[in-house]
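# Analysis of the macromolecular model
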Amino acid sequence: APAGFFDTAAEKWTRDASLPREDWAGTLDGVLLDAPCSGLGVMAEKPDIKNRVKPENIAELTALQKTLLDTVSRYVKKGGTFVYSTCSVLKDENEYQIKAFLENHPDFELQKLPDAIPEQFRQYEGTGLQLLPHRDGVEGFYICRMKRKA
């Protein structure tokens, strides 16, 4: 994560995030969920995606993303930061996913992205930031920063 996303230096772990760890509940300063996604934001680099991704794949992915959001958000302590990202341009995987998460988790609120993200991109921030290849000259990417209310 770019400088400024988390308020403190973070120890990093890799594990199967779909398997809850109750002993981690409310213990982490920050969690980054770089969620499995359709990858439709990086088709320029991976053109085979358009042949692999089907509508039923999107439904499966959004269900997995919801599970992961629900699971790993439990680990964020009060006042902690939760960052969600995908390399997708689909609102179902991004903006709509986060809106639903926030409705179901009123103990979280949106946070502005840090100044480490250039203003040319931050100007498009709403429910997270959706970067678009045709508009921004970069790969399609989504990122949302949230905070667990104290």
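Use the structure listed above.
Residues numbered from 1 in each chain as written. Predicted model: local features only at pLDDT ≥ 70, side-chain atom pairs only at ≥ 80, totals over all residues. Heavy atoms only, no water.

Before going further, it helps to spend a moment on helix α2 (residues 55-73). Compared with the 27 Å implied by 1.5 Å per residue over 19 residues, the 27 Å span of α2 between its first and last C-alpha is a close match. The set of residues buried in α2 consists of Ile-58, Leu-61, Thr-62, Gln-65, Leu-68, Leu-69, Thr-71, Val-72 and Ser-73. Where α2 is buried, its residues meet β1 (28-34), β2 (76-86), α3 (95-104), β3 (108-111) and β5 (141-148). (Helix = DSSP H or I, 4+ residues; strand = E, 2+ residues; numbered from the N terminus. Expected span 1.5 Å × (residues − 1). Buried < 20%, exposed > 50% of the residue type's maximum accessible area, 1.4 Å probe, protein only. Contact = heavy atoms within 4.5 Å.)

Right, let's talk about the packing of aromatic side chains for a bit. The full count for this structure, using the stated rule, is five aromatic pairs. Arranged with centres 5.7 Å apart and planes meeting at 65 degrees, the rings of Phe-82 and Phe-101 form a pair that is edge-to-face. One end of the pair, Phe-82, is in strand β2; the other, Phe-101, is in helix α3, and 19 residues separate them in sequence. As far as burial versus exposure is concerned, Phe-82 and Phe-101 are alike and both buried. Ring centres of Tyr-84 and Tyr-142 lie 6.3 Å apart, and the angle between their planes is 70 degrees; on these two criteria the pair is classed as edge-to-face. Of this pair, Tyr-84 sits in strand β2 while Tyr-142 sits in strand β5, and the two are 58 residues apart along the sequence. Residue classification places Tyr-142 among the buried residues on the basis of a relative accessible area of 1%. Each residue in the set Phe-82, Phe-101 and Phe-108 is aromatic and connected to the rest through ring pairs, giving one cluster. Here Arg-135 stacks its cationic end above the ring of Tyr-124, 3.5 Å away from the centre of that ring. (Phe/Tyr/Trp six-rings, centres within 6.5 Å; stacked < 30°, edge-to-face > 60°. Lys NZ or Arg CZ within 6 Å of the ring centre and 35° of its normal.)

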